[in-house]
Amino acid sequence: MADTLTITDNRTGKTYDLPIADGAIRAADLRQIKVAADDFGLMSYDPAFMNTASCRSAITYLDGDAGILRYRGYPIEQLAEQSTYLEVAYLLMHGELPNATQLAGWQHSVTTHTFVHEFLKRALEGYRYDAHPMGRLVAFLATLSTFYTDAKDIRDPDIRKQHAVRIIAKMPTIAAWAYRHSLGRPYVYPDNSLSYPGNFLAMMFQIAEPNYKPNPVLERALDVLFILHADHEQNCSTSAARGVGSAESDPYVSLAAASAALYGPLHGGANEAVLRMLRKIGNVKAIPAFIESVKKGEGKLMGFGHRVYKNYDPRAKVIKKLADDVFEVTGKNPLLEIALELEKIALSDDYFIKRKLYPNVDFYSGLIYQAMGFPMEMFPVLFAIPRASGWLSQWMEMLDDPEQKISRPRQIYTGSDARDYVPMSKR
Ligand code: ACO
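About the cut-offs
Residues numbered from 1 in each chain as written. Predicted model: local features only at pLDDT ≥ 70, side-chain atom pairs only at ≥ 80, totals over all residues. Heavy atoms only, no water. Pairing = 2+ DSSP bridges. Helix = DSSP H or I, 4+ residues; strand = E, 2+ residues; numbered from the N terminus. Patch = residues over 30% accessible without salt bridge, like charges linked within 9 Å, V, L, I, M, F, W, Y side chains within 5 Å. Areas by Shrake-Rupley, 256 points an atom, 1.4 Å probe, with all protein chains shown as cover. Salt bridge = Lys/Arg side-chain N within 4 Å of Asp/Glu carboxyl O. Buried < 20%, exposed > 50% of the residue type's maximum accessible area, 1.4 Å probe, protein only. Near = heavy atom within 4 Å. Polar contact = N/O pair within 3.5 Å; in protein donor to acceptor, adjacent residues only side chain to side chain. Axes fitted to C-alpha atoms, helices over the stretch in contact; angles between N-to-C directions. Parallel < 35°, antiparallel > 145°, perpendicular 65-115°, else oblique. Contact = heavy atoms within 4.5 Å. Nonpolar A, V, L, I, M, F, W, Y, C, P; charged D, E, K, R; others polar. Phe/Tyr/Trp six-rings, centres within 6.5 Å; stacked < 30°, edge-to-face > 60°. Expected span 1.5 Å × (residues − 1). Domains from an automatic or database assignment. Buried area = accessible area lost by both parts, 1.4 Å probe.

Describing the sheet that holds strand E5 (residues 74-75)
Here comes step 1: Reading across the sheet, the three strands line up as E3-E4-E5 and stay open at both edges, with antiparallel pairing between neighbours. Sheet topology places strand E3 (60-63) and E5 at the edges, where each strand pairs with a single neighbour.

Here you go:
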């Protein structure tokens, strides 16, 4: 059986054989299908990239129907159980798990880049106290681009790596400082004796303790949440990082673009939106009416549904279990009862079953973050911190891919034909 697709163009009666590789035809192969020599050639039309592979990638494997997620071949459940976020970041960026020496070297590099220039502290003062931390994160990343001008040398692998380490190291510092500024609290400098998540917790919550010791259960829970959020193949924000990076923009602005995409409530902003929704529902009795309003199209059940998962999101399963550990330390989040009941009702309702709408990663993560003391506005930032390693891995892969060029989709023009300018007096 030949791995080809035979297409007959009924406009001309001509037949074409297009090669199939990895379950795909190349959209550019369609261009040979023409009705006349000066015809542009056939295009594929795919708004929102519902069925278009934009790259070949060896980083993350996702089977949305089976509910499978793997980083570099390793199942997410095993990584969540046995690994650490920093080890996973190494895995994503290098393709293999580190040995003990490599891991120690990697941890040392990240740990020694956690400080940010004092100038950034002054940049923070430019924001109002109530500025959304995601807006600040987007701007901070862009500001770092003005700071590290050598990062523009994106074809130098050493420079690339150096800035990738900087970004992974500084994300928690930037995020925590944005939070501290919003409360008018003094900034806490990184403590390099702590773990990556432990240091972040210290920079967020340390007040007067000379040696802040994060609760080990919460520290581990945050590390697991970071692992779960580290990469998710070609989602909206990763595509933004790749798209902007394809113009050979530096990694800081490429990640600023990715963070901007993540900010949206249909993407990384969903965890915040879930909490707002649960609060609005208010109590278990109000759930049936809320579900009816969703079914009438009056709003969405936030934290449900996914472009690729048509099954339970494997990350949501891990998070649900993690919630029990966290709530044992923090006490139960009162909104949990509403979330559990909402999930139960939605999963047995025809509307959700028919559309294969299941809880996604954001449905329970917000409840954990809130119980740990993070304010709602910080939730998308908590997503962005670990996703930085995924964005950077994807960005590097894109730069090294000889088939990639500047990202530039086609369009089908639907506007007016050529017409003459109408002077103001005649309009
Ligand atoms: N609540 C109610 N109905 C929904 C929901 C939802 N959360 N999600 C999808 N639907 C319905 C749509 O209205 C549509 O119904 P229709 O066929 O009658 O028109 C059908 O299910 C298919 O939905 P689409 O919008 O076509 O699915 P798409 O793949 O474009 O959207 C998305 C995926 C954006 C995640 C969507 O499910 C959604 O908005 N969910 C809520 C927001 C959310 O939780 N986002 C986080 C995603 S995970 C992440 O980014 C980390």
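Describing a nonpolar patch on the surface
Here comes step 1: On the surface, a cluster of nonpolar side chains totalling about 420 Å² of accessible area is made up of Phe40, Met43, Tyr45 and Ile412.
Here comes step 2: Residue placement: Ile412 occurs in the segment after helix H17 (379-400).
Here comes step 3: For Ile412, a relative accessible area of 47% corresponds to the partly exposed category.

So, the site of the ligand
Here comes step 1: Lining the immediate surroundings of the ligand are 19 residues, of which His267, Lys300, Leu301, Gly303 and Arg307 lie closest.
Here comes step 2: In this structure, Arg355 approaches the ligand through a side-chain N or O atom, which is 2.9 Å from an oxygen atom.
Here comes step 3: Taking Asn360, its side chain carries an N or O atom lying 2.9 Å from an oxygen atom of the ligand.

Looking at the packing of helix H11 (residues 270-281) against helix H14 (residues 336-347)
Each pair of packed helices can be summarised by the angle the axes make with each other and by the distance between the axes.
Here comes step 1: Where H11 contacts H14, the axes come no closer than 10 Å and their chain directions differ by 95 degrees. Classified by the angle between their axes, H11 and H14 sit roughly perpendicular to one another. Between H11 and H14, the contacting residues are Met277, Leu278 and Ile281 on the first element and Ile338, Ala339 and Leu342 on the second.
Here comes step 2: Here the residues of the contact of H11 with H14 sort into six nonpolar, no polar and no charged.

So, the pattern of salt bridges
Here comes step 1: Here the structure, examined in full by the defined rule, presents 17 salt bridges.
Here comes step 2: In this structure, Arg11 engages Asp9 in a salt bridge whose closest nitrogen and oxygen atoms are separated by 2.9 Å.
Here comes step 3: Linking Arg160 and Asp400 is a salt bridge whose minimum nitrogen-to-oxygen distance equals 3.2 Å. Pair noted here: Arg160 is in helix H6 (residues 157-183) and Asp400 is in helix H17, with a separation of 240 residues, a long-range link.
Here comes step 4: Exposure remark for Arg160: the relative accessible area of 6% places this residue in the buried category.

Here's the deal with the packing of aromatic side chains
Here comes step 1: Going through the model one piece at a time under the given rule, you end up with 21 aromatic pairs.
Here comes step 2: Centre to centre, the rings of Tyr85 and Tyr196 are 5.2 Å apart; their planes meet at 40 degrees, and the pair counts as tilted. Here Tyr85 is found in helix H2 (residues 85-94), whereas its partner Tyr196 is found in helix H7 (residues 196-205), with 111 residues between them in sequence.
Here comes step 3: What makes Tyr85 buried here is its relative accessible area of 0%.
Here comes step 4: The class for Tyr196 is buried, based on a relative accessible area of 9%.
Here comes step 5: Taking 5.9 Å as the distance between ring centres and 15 degrees as the angle between the ring planes, the aromatic pair formed by Phe200 and Phe374 counts as stacked. Linking Phe200 in helix H7 with Phe374 in the loop between helix H16 (362-371) and H17, this pair joins segments that are 174 residues apart in sequence.

Things to note about the pairing of strand E4 (residues 68-71)
Here comes step 1: Here E4 shows one buried face, formed by Leu69 and Tyr71, and one open face, formed by Ile68 and Arg70.
Here comes step 2: Sheet topology note: the E3/E4 ladder contains four bridges and is antiparallel. Looking at E4, one finds that Asp63 is bridged to Ile68.
Here comes step 3: As judged from the two bridges shared by E4 and E5, these two strands associate in the antiparallel manner. Counterpart to Arg70 in the pairing with E5 is Pro75.

As for helix H10 (residues 251-263)
Here comes step 1: With 13 residues, H10 extends 18 Å between its outermost C-alpha atoms, agreeing within 8% with the 18 Å of an ideal straight helix rising 1.5 Å per residue.
Here comes step 2: All buried positions along H10 are accounted for by Pro251, Tyr252, Ser254, Leu255, Ala256, Ala258, Ser259, Ala261 and Leu262.
Here comes step 3: Elements that come into contact with the buried residues of H10 comprise helix H5 (133-147), H6, helix H9 (236-245) and H17.
Here comes step 4: At the N-terminal boundary of H10, the capping side chain belongs to Asp250, with an oxygen 2.7 Å from the backbone nitrogen of Tyr252.

Let's talk about the environment of Ala169
Here comes step 1: Positionally, Ala169 belongs in helix H6.
Here comes step 2: The exposure class of Ala169 is buried, given its relative accessible area of 1%.
Here comes step 3: Taking the C-alpha atoms as reference points, Ala169 and His113, separated by 56 residues in sequence, lie 5.5 Å from one another.

Things to note about the pairing of E3
Here comes step 1: Side chains of E3 alternate between two faces, with Thr60 and Leu62 buried and Tyr61 and Asp63 left unburied.
Here comes step 2: Adjacent in sequence and paired antiparallel, E3 and E4 are bridged by four residues, among which Gly67 carries a positive phi angle near 70 degrees.

Observations concerning the environment of Ala247
Here comes step 1: Position of Ala247 among the secondary structure elements: in the loop between H9 and H10.
Here comes step 2: For Ala247 and Lys405, which are 158 residues apart along the polypeptide, the C-alpha to C-alpha distance reads 8.0 Å.

Digging into the domain arrangement of the protein
Accessible area lost during the coming together of the parts is what is often quoted as the interface size.
Here comes step 1: Looking at the assigned domains, one finds that the protein contains domain 1 (1-45), domain 2 (96-224 + 234-263 + 381-400) and domain 3 (270-309 + 323-371).
Here comes step 2: Of the residues lining the interface, eight residues belong to domain 2; the matching set on domain 3 comes to eight residues.
Here comes step 3: Of the roughly 590 Å² buried where domain 2 meets domain 3, counting both sides, 75% is carbon and sulfur surface.
Here comes step 4: Together, Leu218, Leu382 and Phe383 form the three largest contributors to the area buried by domain 2 at its contact with domain 3, with a combined 53%.
Here comes step 5: One can count zero salt bridges joining domain 2 with domain 3.

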